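# Descriptive analysis of the structure
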Amino acid sequence: MPPPPPPLGRGRKRAAHTFDAALDDAELAAARAALAQGRWQTVRSLLTRTGDDWDSRGHRVTVLAREPYCAPWARDWLLAEPDSVDAAVLLALALVRRALRGKEKPVRARESCHAAAALAPADPTPWLGLLMLESALGAEEEVHRLFAEIRARYADHHHAHHLMVARLAERRPGAGPDPLHEVYDFANAAAEQAPADSPLAILPVIAHTERYRVLAAAGHEPRDTAASGHWTGRRARQVMRAAFDWWLEWEQEGHPRRLIDLNFLAHAKVCEGRSAEAAALFHRIGEHATPSPWAYPDHDPYPAFRAARANALGAA
């Protein structure tokens, strides 16, 4: 039998602020709450409605997989509906999440992802789970192979591109600032090849930010972004300007992960010292902060977000 939901009551420590991976997806938040109580039928309905909107499906499944009791409830769902593709994919991503937390053997998570992929050959989501796992634990060749599997099913997969940028940014950390680093070429090529209204247009900003994370951790850039030339060079200004102009034109209010992009873009504008542009982004973000990039390089992310937001809105 699956375990009961976590007990309610006093005495448990609570963080001062908890980031909500669901962002502004109210349907997802409701399904997650139902899953925590073992009501997987709500999740079934949500994923059925999501269909083959692969960015939304990937976002919703990865968020549901974070629920601590997701794996046993997904197994319960599979017992009731052994042929359910959605249940198999959800279980696979839940085991990936457990493996990344050291609570599951990676081999079991890999097996579950491959089993789900066999049931749904067109679905990039099981491959996303594998990419999440191997981005943290695997060899570079395997990471590139899995990314190719995802792109073969959906060329503009948002989450997969973010994972690849973060992984590529970590190559050659000791080399110091390098405007020709491969992460920039990857991000620029992806942005150029994507459709005109694709949020991958902001990927060069993600690459610039992830590379700062690596350089600051290696001691090649100041941990105080205001003292770092990483954000004020010619290339940085071009990347930030192009991304902000794209956002003004397209906005992409319907994309499930747009608030992640907006947090990266707001962070970049703060680091660049462009308070008015940052303020416009903070208005759209509202309270939907994301841990990355406000934690870069070693900050407490929520206070960093709040301080940056207050400064930008006060100066605008």
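A short tour of the structure in this document, coming up. Model, not experiment: these values are computed from the prediction. (Residues numbered from 1 in each chain as written. Predicted model: local features only at pLDDT ≥ 70, side-chain atom pairs only at ≥ 80, totals over all residues. Heavy atoms only, no water.)

### Quick notes on the overall build of the chain
Helices and strands together make up the secondary structure of the chain, namely 16 helices and 0 strands. The principal-axis extents of the C-alpha atoms in the chain amount to approximately 60 × 45 × 35 Å. Excluding contacts between residues fewer than 6 apart, the proportion of contacts in the chain whose partners are at least 24 apart in sequence is 64%. Total accessible area on the chain stands at roughly 14400 Å², and carbon and sulfur atoms take up 53% of it. Looking at charge distribution, the chain has the averaged site of its 39 positive side-chain charges lying 6 Å from that of its 40 negative ones. (Helix = DSSP H or I, 4+ residues; strand = E, 2+ residues; numbered from the N terminus. Contact = heavy atoms within 4.5 Å. Areas by Shrake-Rupley, 256 points an atom, 1.4 Å probe, with all protein chains shown as cover. Lys, Arg positive; Asp, Glu negative; His and termini not counted. Charge placed at Lys NZ, Arg CZ, Asp CG, Glu CD.)

### Topic: the pattern of salt bridges
Throughout the structure, instances matching the rule amount to 26 salt bridges. With its nearest N and O atoms 2.3 Å apart, the salt bridge here joins Asp 24 to Arg 258. In this pair, Asp 24 is assigned in the segment before helix H1 (26-36) and Arg 258 in helix H13 (residues 258-272), connecting sequence segments 234 residues apart. Overall, Asp 24 belongs to the partly exposed group, its relative accessible area being 35%. According to the relative accessible area criterion, Arg 258 is buried, its value standing at 13%. For Arg 60, the salt bridge is made with Glu 27, and the minimal N-O distance between the two is 3.3 Å. Of this pair, Arg 60 sits in helix H3 (residues 54-65) while Glu 27 sits in helix H1, placing them 33 residues apart in sequence. Each of Arg 241, Asp 245, Lys 269, Glu 272, Arg 274 and Glu 277 takes part in salt bridges that share partners, so that together they form one network. (Salt bridge = Lys/Arg side-chain N within 4 Å of Asp/Glu carboxyl O. Buried < 20%, exposed > 50% of the residue type's maximum accessible area, 1.4 Å probe, protein only.)

### Some thoughts on the nonpolar core
Among the nonpolar cores identified, the biggest contains 91 residues, and Val 43, Leu 90, Leu 131, Val 205, Leu 265 and Phe 282 are the most heavily contacted of them. By residue number, the principal contributor to this core is helix H5 (residues 85-100), which donates 11 residues. (Core = buried A, V, L, I, M, F, W, Y, C linked by side-chain atoms within 4.5 Å.)

### What to know about the packing of aromatic side chains
Any two aromatic rings considered together are summarised by their centre-to-centre distance and by the angle between their planes. In this structure the tally under the stated criterion is 10 aromatic pairs. Geometrically, the ring pair formed by Phe 19 and Tyr 302 is edge-to-face, given 6.0 Å between the ring centres and 75° between the ring planes. With Phe 19 in the segment before H1 and Tyr 302 in helix H16 (residues 301-315), this pair connects stretches of sequence that are 283 residues apart. A ring pair is formed by Phe 264 and Tyr 296, whose centres lie 6.5 Å apart and whose planes are at 65°; its orientation type is edge-to-face. Of this pair, Phe 264 sits in helix H13 while Tyr 296 sits in the loop between helix H15 (291-294) and H16, placing them 32 residues apart in sequence. Seen from the ring of Tyr 296, Arg 213 lies directly overhead, with NZ or CZ sitting 5.6 Å from the centre. The ring of Tyr 184 carries Arg 235 above its face, with NZ or CZ at 3.8 Å from the centroid. (Phe/Tyr/Trp six-rings, centres within 6.5 Å; stacked < 30°, edge-to-face > 60°. Lys NZ or Arg CZ within 6 Å of the ring centre and 35° of its normal.)

### Thoughts on the packing of helix H11 (residues 203-217) against H13
Relative orientation of the contacting elements H11 and H13 amounts to 65°, with a least axis distance of 10 Å. As H11 runs across H13, the sense of the crossing is left-handed. Side by side, H11 and H13 meet where Val 205, Ile 206, Thr 209 and Glu 210 of the first sit next to Asp 261, Phe 264, Leu 265, His 267 and Ala 268 of the second. (Axes fitted to C-alpha atoms, helices over the stretch in contact; angles between N-to-C directions. Left-handed = near helix turned anticlockwise from the far one by under 90°.)

### Observations regarding the packing of H3 against helix H7 (residues 125-137)
For the pair H3 and H7, interaxial distance at closest approach is 10 Å and the crossing angle is 55°. As summarised for this structure, H3 and H7 are arranged oblique, according to the angle between their axes. Relative to H7, the crossing made by H3 is right-handed. In this structure, H3 contributes Trp 54, Arg 57, Gly 58, Val 61 and Thr 62 to the contact, and H7 contributes Thr 125, Leu 128 and Met 132. Partitioning the contact of H3 with H7 into residue classes produces 4 nonpolar, 3 polar and 1 charged. (Parallel < 35°, antiparallel > 145°, perpendicular 65-115°, else oblique. Nonpolar A, V, L, I, M, F, W, Y, C, P; charged D, E, K, R; others polar.)

### Thoughts on the environment of Val 89
With respect to the helices, strands and loops of the structure, Val 89 is situated in helix H5. Since its relative accessible area comes to 1%, Val 89 is described here as buried. Apart from the residues lying within four places of it in its own chain, the contact partners of Val 89 are Arg 57, Val 61, Ala 116, Asp 123, Thr 125 and Pro 126.

### Topic: unusual backbone geometry
With omega at 10°, the peptide bond leading from Ser 292 into Pro 293 counts as cis. Summarising the element assignment, Pro 293 is placed in helix H15. Each neighbour pair has its own omega, and for Tyr 296 with Pro 297 the value is -5°, a cis peptide bond. Within the secondary structure, Pro 297 sits in the loop between H15 and H16. A positive phi angle is found at Leu 23, which is not glycine, with a value near 60°. Looking at the element boundaries, Leu 23 is found in the segment before H1.

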